[in-house]
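Notes for the structure review
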Amino acid sequence: LYGLRVSNFIFSAGLSNVWGVDRGQYLGPAEPGALLKGDRYEKIHYSTIGIPVEARFMIPFKWVGLGITAYGNLNDGHSFGGLALCVYAGKL
């Protein structure tokens, strides 16, 4: 990520590759004797380019810092985001 710091805020963005497996059509119940008894579904693999973004607010003290981070990844069909409370350690 490439970022910019403005006072106690840090804003970052970049490029990413997002991949995973989606659940497709129903194939049937679990096979007899299977360890996991869940239903079976078709596996649909995906891969797409995304834009990760992040905004941080940090209150630094001498050896520890407290902060909150909002993050996300904007992409075609599998976007996500979240919020995290953070503790930073070290010489700040």
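Our subject is the structure that appears above.
My aim in this report is to walk through the structure given alongside it, one point at a time. (Residues numbered from 1 in each chain as written. Predicted model: local features only at pLDDT ≥ 70, side-chain atom pairs only at ≥ 80, totals over all residues. Heavy atoms only, no water.)

Quick look at the pairing of strand β2 (residues 9-13) now. Pairing analysis gives 5 bridges linking strand β1 (residues 2-6) to β2, with the strands arranged antiparallel. Directly across from Gly-3, in β2, lies its bridge partner Ser-12. Hairpin connection between β1 and β2: a loop of 2 residues separates the two successive antiparallel strands, and Ser-7 in this loop has a positive phi of roughly 60°. Looking at chain direction, β2 and strand β4 (residues 40-60) are connected through 5 bridges and run antiparallel. Counted as the bridge partner of Ile-10 is Arg-56 from β4. (Pairing = 2+ DSSP bridges. Helix = DSSP H or I, 4+ residues; strand = E, 2+ residues; numbered from the N terminus.)

Turning our eyes to something else, we now look at a nonpolar patch on the surface. Residues Leu-15, Ile-49, Ile-51, Val-53 and Leu-74 make up a contiguous nonpolar surface patch of about 500 Å² in total accessible area. No other element matches β4, which puts 3 residues into the nonpolar patch. Relative to the elements of secondary structure, Ile-51 occurs in strand β4. (Patch = residues over 30% accessible without salt bridge, like charges linked within 9 Å, V, L, I, M, F, W, Y side chains within 5 Å. Areas by Shrake-Rupley, 256 points an atom, 1.4 Å probe, with all protein chains shown as cover. Salt bridge = Lys/Arg side-chain N within 4 Å of Asp/Glu carboxyl O.)

Turning next to the side chain of Ser-16. Checked against the element boundaries, Ser-16 lands in strand β3 (residues 16-28). Side chain to side chain, Ser-16 and Asn-73 meet in a polar contact 2.9 Å long. Not counting the four nearest positions on each side in its chain, Ser-16 is found in contact with Thr-48, Ile-49, Gly-50, Ile-51, Pro-52 and Asn-73. (Polar contact = N/O pair within 3.5 Å; in protein donor to acceptor, adjacent residues only side chain to side chain. Contact = heavy atoms within 4.5 Å.)

Topologically, Ser-12 is positioned in strand β2. Overall, the relative accessible area of 13% leaves Ser-12 in the buried class. If we ignore the near neighbours within four places in the chain, the residues touching Ser-12 are Leu-1, Tyr-2, Gly-3, Pro-52, Val-53 and Glu-54. (Buried < 20%, exposed > 50% of the residue type's maximum accessible area, 1.4 Å probe, protein only.)

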